[in-house]
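Here's the letter readout for the chains.
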Amino acid sequence: MAATERGRIRDATLRLPSPVEELVDSRFADRSVRLLLKRDDLINPEIPGNKWRKLKYNLEAAQRDGHETLLTFGGAYSNHIRATSAAGHYFGFRTIGVIRGEPHEPLNPVLAYAVEQGMTLAYLDRTTYRRKHESDVVQRLHDEFGEFYLLPEGGSNALALRGCAEIPAEITEHFTAICCPVGTGGTLAGVAAGLQTGQEAIGFSVLKGGRFLGDEVRELQEQAYGRERGRWRIELDYHFGGYAKQKPGLTAFIDDFADQHGLQLDRVYGAKMMYGILDLVERGRFAEGSVIVAIITGVADNGARPSCCPWRTG
Ligand SMILES: *Cc1c(COP(=O)(O)O)cnc(C)c1O
């Protein structure tokens, strides 16, 4: 069935290219650098930010190949699960969300939302979940659910990188560095692939012990392009204790930023990146005249404690 017959998000509801805004803040002006915000959080309220970027070409491929079902994996608070359920609803796919761990009643707001969008939930115990992409586990899922298009955990695959690689080209202003948070590394890998010479991508790990993420980025680029692309690096010191940790210092930073700029940063991803950018600027790590872009990859609160790192915790 063609995309249009199934119903799709009307073009009007996807705000693309996403807006670019300058952030006026003396902390940047004092160092003679500029900060631009790439507002991917405004693309669509249900499928915001990098989740839309990563789904875009996967949805196209799934439709082209005649799939009727999308199956993916995530923790119980996963933004990717949430976005996939919404994409299924809009684009006319059945969706199956395979959730790490045991079912809990009542469903948390992320999973309740996903079910409202028509997603079927299944659960894998933590041991099996760790092997979720192995063929015997996938085969068992096929036995249970029939044919499906498989999106990996976090939605990061070669087609996801191609979607993220379109971000830099949407920015018409000259810039020298572009920043994003790093969970799986898919967004950073794609963004770096879309750079011009003279530009660099800087990722901010939201995970404690994120040293392995560099290999993930390299591997994803190999899968997508057959080689490494673009100049990029990952800052490892701005995770604030790890994925789901609630550090008072970060809360104060988020509140202060919201007071000054009227933008509520999400605590798992965006706030850590922004804190890191400001810290690097104040340490003089960006040359005078640098123009830095910060990608706002998502929204502050999906109505839930955005929590739990599916690929690193227990
Ligand atoms: C999922 C998510 C990320 C992480 O992106 P990766 O491609 O997995 O590194 C960053 N920001 C937000 C808001 C997200 O929801």
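Residues numbered from 1 in each chain as written. Predicted model: local features only at pLDDT ≥ 70, side-chain atom pairs only at ≥ 80, totals over all residues. Heavy atoms only, no water.

Notes on the site of the ligand
As a reminder, the rule being used: Being near a molecule or strand, for a residue, means having at least one of its heavy atoms within 4 Å of it. Under the rule applied, a polar contact is a pair of N or O atoms within 3.5 Å (in protein, one hydrogen donor and one hydrogen acceptor; residues adjacent in sequence only if both atoms are side-chain atoms). Here the open area of atoms and residues is found with the Shrake-Rupley method and a 1.4 Å probe, where only the protein chains shown may cover a residue. Put simply, DSSP marks the helices as runs of H or I at least four residues long and the strands as runs of E at least two long, and each gets a number from the N terminus on. Three categories are distinguished: nonpolar for Ala, Val, Leu, Ile, Met, Phe, Trp, Tyr, Cys and Pro, charged for Asp, Glu, Lys and Arg, and polar for the others, with Gly belonging to the last.
Among the 15 residues in the neighbourhood of the ligand, the closest are listed as Lys 51, Lys 54, Thr 184, Thr 187 and Thr 297. Within the side chain of Lys 54, a nitrogen or oxygen atom sits 2.7 Å from an oxygen atom of the ligand. Thr 187 has a polar side-chain atom sitting 2.7 Å from an oxygen atom of the ligand. Protein coverage of the free-state accessible area of the ligand, which is 390 Å², stands at 96%. If you list the elements that add at least two residues to the shell around the ligand, you get α3 (49-64) and α10 (186-193). Among the residues making up the shell around the ligand, the classes are represented as two nonpolar, ten polar and three charged.

Quick word on helix α13 (residues 270-282)
Applicable threshold: What a helix should span is 1.5 Å times the count of its residues minus one. For each residue, the accessible area found with a 1.4 Å probe, counting protein chains only, is set against the maximum for its type, and the residue is called buried under 20%, exposed over 50%, and partly exposed in between.
The terminal C-alpha atoms of α13 lie 18 Å apart, and with 13 residues this matches the ideal 18 Å at 1.5 Å per residue to within 8%. Buried residues dominate α13, accounting for eleven of its 13 residues. Considered for burial, the residues of α13 that qualify are Gly 270, Ala 271, Lys 272, Met 273, Met 274, Gly 276, Ile 277, Leu 278, Asp 279, Leu 280 and Val 281. The positive-phi residue at the C-terminal boundary of α13 is Gly 284, with phi of around 70°.

Considerations on the pattern of salt bridges
Where we set the bar: One side-chain nitrogen of Lys or Arg within 4 Å of one carboxyl oxygen of Asp or Glu is enough to make a salt bridge.
What the rule picks out here adds up to 20 salt bridges. For Glu 21, the salt bridge identified is with Arg 39, shortest N-O distance 3.1 Å. Remark: Arg 39 occurs in the loop between β2 (34-38) and α3 and Glu 21 occurs in strand β1 (residues 20-23); sequence separation between them is 18 residues. Residue Glu 21 is classed as partly exposed on the basis of its relative accessible area of 30%. Relative accessible area serves as the criterion here: at 11%, Arg 39 is assigned to the buried category. In this structure, Asp 40 and Arg 53 form a salt bridge, with 2.8 Å as the shortest nitrogen-oxygen distance. On the criterion of sequence distance, the pair formed by Asp 40 in the loop between β2 and α3 and Arg 53 in helix α3 is long-range, its members being 13 residues apart. Considered together, Asp 40 and Arg 53 belong to a single accessibility category, that of buried residues. It is possible to trace a salt-bridge network through shared partners that takes in Glu 200, Arg 231, Arg 233, Glu 235 and Arg 285.

Re the nonpolar core
Convention followed: We call a set of buried Ala, Val, Leu, Ile, Met, Phe, Trp, Tyr and Cys residues a nonpolar core when their side-chain atoms join them within 4.5 Å. Any two residues whose heavy atoms approach within 4.5 Å are treated as being in contact.
If you look at the biggest cluster of nonpolar residues, it comprises 32 residues, and the most contacted ones within it are Phe 175, Ile 178, Leu 188, Val 191, Ala 201 and Trp 232. Going through the elements one at a time, α8 (158-164), β7 (177-182), α10, α11 (213-225), β9 (231-235) and β10 (291-295) are the ones with two or more residues in this core. Apart from residues lying up to four places away in sequence, Val 191 is in contact with Cys 164, Ala 165, Ile 167, Pro 168, Ile 178, Ala 201 and Ile 295. If you look at the next biggest cluster of nonpolar residues, it comprises 28 residues, including Cys 179, Phe 240, Leu 278 and Ala 294.

Thoughts on the sheet that holds strand β3 (residues 69-74)
Sheet strands pair via backbone hydrogen bonds, and the direction of the pair is either parallel or antiparallel. Heads up, the condition is: By this definition, two strands are paired if DSSP reports at least two bridges between them.
In spatial order, the strands read β5-β4-β3-β6; together these four strands make up an open sheet with parallel pairing. Edge strands, defined here as strands with exactly one partner in the open sheet, are β5 (120-124) and β6 (149-150). With six bridges connecting them, β3 and strand β4 (residues 94-100) associate as parallel partners. The residue bridging Leu 71 from the neighbouring strand is Ile 96, located in β4.

Points about helix α7 (residues 135-145)
Turn by turn, an α-helix covers 3.6 residues, leaving residues three or four places apart pointing in a common direction. Applicable threshold: Picture the helix axis, draw a direction to every C-beta atom, and the arc is the one those directions span.
Along α7, the residues classified as buried are Val 137, Val 138, Leu 141 and Phe 145. The buried residues of α7 occupy an angular sector of 100° when the element is viewed end-on, so they sit on one face. α7 presents Ser 135 and Asp 143 as exposed residues on the side facing more than 90 degrees away from its buried surface. Where α7 is buried, its residues touch β3, β4, β5, α6 (126-130) and β6. Gly 146 sits one or two positions beyond α7 and adopts a positive phi of about 80°.

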